[in-house]
Amino acid sequence: MAGRVDGKVALITGAARSQGRSHAVRLAEEGADIIAVDLCRDVETVPYSGPTTDDFAETVRQVEALDRRIVTAQADVRDFGALKPAVDDGVAQLGRLDIVSANAGILSFGPLTELPEDTWQTMIDTNLTSVWHTAKAAIPHLIEGGRGGSIVITSSIAGLQGMPGIGHYVTAKHGVVGLMRTLALELGEHNIRVNTVHPTQVDTDMVRHEDMYRMFRPDLDSPTHDDFAEASQATHVLPTPWAESIDISNALLFLASDEARYITGVTLPVDAGALTK
């Protein structure tokens, strides 16, 4: 069924690559115009490279190839003073706002008892506080539009269970669940729905690096992507080592569409059964 979000405008943070790009393209395929925000540089304390302006340009190319409009802004979601005008400008150019994908996020590693202060703070600022910033910037536009709307926050299976070695990430991803549930209560009278999606491992730059491989295979001196795949597969019920970005995008599309018009306040796993093990 084409056109499931036809004529709507979606704000997506972390849109330059990986899940964020996939979300932008999937929503554009179904008729949405896009406000895309990304930092487009490395983040301190993170062990893998951040997206580039070339990555962001590729997101633009793919959305425009679908004959949809896209407005971009390089902004740090940790900085509300930078994020709010980026959102305001996007809404001014595209005329409305209906869907919010609070997708921007990072991953780093370390036991909680040894974690440096700046690693903890960067995680909380990026994966929790920035989600509040995104909602705070977007909600006035959703309410003013008078058409309701959908906010979808990217959490993780780590937002529903504990995991050693990434306690700061677990804390932030649990935190956005509480934020989601409170926003769902506060915004329901405006017909604005708020939900979280909880991916398992997704085959993106966030997991394609040695620190992630070591987390899953601490028994090996130099674990490879194949070693990680084998260990990741063992965490799932279904026969796959990871989800693809499109799997998360399809869940987001459902929650953003009218098919989910009475779904709010839910935590939706896309986890190949990981949370049942």
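The coordinates are above.
An account of the accompanying structure is given in this report. These numbers were taken from a predicted model, which means no experiment stands behind them. (Residues numbered from 1 in each chain as written. Predicted model: local features only at pLDDT ≥ 70, side-chain atom pairs only at ≥ 80, totals over all residues. Heavy atoms only, no water.)

Looking at the nonpolar core
Then, number 1: Counting residues in each nonpolar core, the largest one holds 34 residues, and the members touching the most others are L11, L97, I151, I153 and V194.
Then, number 2: With seven residues, helix α5 (residues 167-187) is the largest single contributor of residues to this core.
Then, number 3: Once residues lying within four places of it in the same chain are set aside, the contact partners of I151 are V100, I139, L142, L187, I192, R193, V194 and N195.
Then, number 4: V5, I70, V152 and A260 belong to the second largest nonpolar core, which has 30 residues in total. (Core = buried A, V, L, I, M, F, W, Y, C linked by side-chain atoms within 4.5 Å. Buried < 20%, exposed > 50% of the residue type's maximum accessible area, 1.4 Å probe, protein only. Helix = DSSP H or I, 4+ residues; strand = E, 2+ residues; numbered from the N terminus. Contact = heavy atoms within 4.5 Å.)

Points about the packing of helix α3 (residues 80-94) against helix α4 (residues 117-145)
Then, number 1: Contact geometry for α3 and α4: axes closest at 9 Å, N-to-C directions at 30°. Along this stretch, α3 crosses α4, giving a crossing that reads as right-handed. From α3, F80, L83, K84, V87, D88 and V91 reach across to α4, where they touch H133, T134, K136, A137, A138 and H141. (Axes fitted to C-alpha atoms, helices over the stretch in contact; angles between N-to-C directions. Left-handed = near helix turned anticlockwise from the far one by under 90°.)

A closer look at the pattern of salt bridges
Then, number 1: A full pass over the atoms with the stated rule returns 18 salt bridges.
Then, number 2: Across the pair D33 and R69 runs a salt bridge, and its minimum N-O distance is 2.8 Å. Taken together, the residues D33 in strand β2 (residues 33-38) and R69 in the loop between α2 (53-64) and β3 (70-74) connect sequence positions 36 residues apart.
Then, number 3: As a salt-bridge pair, E44 and R78 come within 2.9 Å of each other at their nearest N and O atoms. With E44 in the loop between β2 and α2 and R78 in the loop between β3 and α3, this residue pair connects regions lying 34 residues apart in the sequence.
Then, number 4: Where salt bridges share partners, they join R41, E44, D76 and R78 into one cluster. (Salt bridge = Lys/Arg side-chain N within 4 Å of Asp/Glu carboxyl O.)

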